[in-house]
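# A look at the structure
Residues per chain are reported as follows:
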Amino acid sequence: MITLENHLGKIDICEDYFRKLIGNATTSCFGVAGMSDGNVQQGIRSKLSKRSYIDQGVVVTKDNYGISVDLHIVVTYGINIREVVRSIDEKVRYSVEEATGICVNNVNVFVDNLKDEE
């Protein structure tokens, strides 16, 4: 749980909500062909079910001043990776801060693979 405190009280938001919110924001960015497994649990889940999940490749950690996000993505071959990463960074920060008011300290994007455009 990630806790947000303000003048109205205390709000607990589960990490699953953040993973889905960030997964939606990331996959909607131009040049993102898909998501890779972010950790062992996600790898096992995708191998057993043989499908992808919207929160696949998203790892959220809380620190004292906000949250940090690790993203494992697949990029379309021929697209400028630097611009894709910049776009993801901006969209994830905006989406999380607009929806929850919680500051995003770091967005670490790991390009795990390239996919040919078909």
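Quick note: structure is the one above.
To start, this report covers the structure provided alongside it. Since the model is a prediction, treat every value here as computed from it, not as a measurement.

## As for the packing of helix α1 (residues 15-27) against helix α3 (residues 81-100)
Two numbers describe how α1 lies on α3: the axes approach to 9 Å, and their chain directions differ by 140 degrees. It follows from the interaxial angle that α1 and α3 lie oblique. Considering the relative orientation of α1 and α3, their crossing is right-handed. Residues Y17, F18, L21, I22, A25 and T26 of α1 form the contact with α3, whose participating residues are I88, K91, V92, S95, V96, A99 and T100. Across the contact of α1 with α3, the residue classes break down as nine nonpolar, three polar and one charged.

## Description of the nonpolar core
Ranked by size, the top nonpolar core spans 25 residues in total, and within it F18, I22, I67, L71 and I88 carry the most contacts. Those residues in contact with F18 that lie beyond four places of it in its chain are I2, I13, V60, I67, V96, T100 and I102.

## As for the side chain of T26
Along the polypeptide, T26 turns up in helix α1. When sequence neighbours within four positions are dropped, the list of residues in contact with T26 reads V32, M35, L71, I73, I88 and V92.

## Some thoughts on the pattern of salt bridges
Taken as a whole and judged by the stated rule, the model has five salt bridges. One salt bridge connects D16 with K20, and the closest N-O pair in it is separated by 3.4 Å. You can see D16 and its partner K20 sitting in helix α1, four residues apart, about one turn around the helix. Judged by relative accessible area, D16 falls into the partly exposed class, the value being 27%.

## Re α1
The terminal C-alpha atoms of α1, which comprises 13 residues, lie 18 Å apart, in line with the 18 Å expected from a rise of 1.5 Å per residue. Here α1 has its buried residues at F18, L21, I22, G23, A25 and T26. The inward-facing, buried residues of α1 contact β1 (2-6), β2 (9-13), β3 (32-35), β4 (58-63), β5 (66-76) and α3.

## Here's the deal with the pairing of β4
Both β4 and β5 contribute to a ladder of six bridges, which runs antiparallel. Counterpart to K62 in the pairing with β5 is I67. Linkage of β4 to β5, two consecutive antiparallel strands, is achieved through a turn of two residues.

Rules and cut-offs
Position numbers for residues start from 1 in each chain and track the written sequence from start to end. At least 70 in pLDDT is required for a residue's local features to be given in this predicted model, at least 80 for side-chain atom pairs to be given and counted, and no such filter applies to totals for whole chains, interfaces and linings, which use all residues. Computation of side-chain values covers all heavy atoms of the structure but excludes hydrogens and water. In this analysis, axes come from line fits to C-alpha atoms, helices being fitted only over the stretch in contact, and the angle between any two N-to-C directions falls in the range 0 to 180 degrees. Each helix is a run of H or I in the DSSP string that is no shorter than four residues. Each strand is a run of E no shorter than two, and both are numbered from the N terminus. Each angle gets one of four labels, with under 35 degrees taken as roughly parallel, over 145 as roughly antiparallel, 65 to 115 as roughly perpendicular, and the rest as oblique. A clockwise turn of the near helix away from the far one marks a right-handed crossing, whereas an anticlockwise turn of less than a right angle marks a left-handed crossing. Here, residues are in contact when the closest pair of their heavy atoms is within 4.5 Å. The classification used treats Ala, Val, Leu, Ile, Met, Phe, Trp, Tyr, Cys and Pro as nonpolar, Asp, Glu, Lys and Arg as charged, and all other residues, Gly among them, as polar. Residues belong to one nonpolar core when they are buried, are Ala, Val, Leu, Ile, Met, Phe, Trp, Tyr or Cys, and are joined through side-chain atoms within 4.5 Å. The classification of residues rests on relative accessible area computed with a 1.4 Å probe and restricted to protein chains. Under 20% of the type maximum is buried, over 50% is exposed, and intermediate values are partly exposed. A pair is scored as a salt bridge if a Lys or Arg side-chain nitrogen falls within 4 Å of a carboxyl oxygen belonging to Asp or Glu. A helix's residues, less one, multiplied by 1.5 Å, set its expected span. Being paired, for any two strands, means DSSP has found at least two bridges between them.

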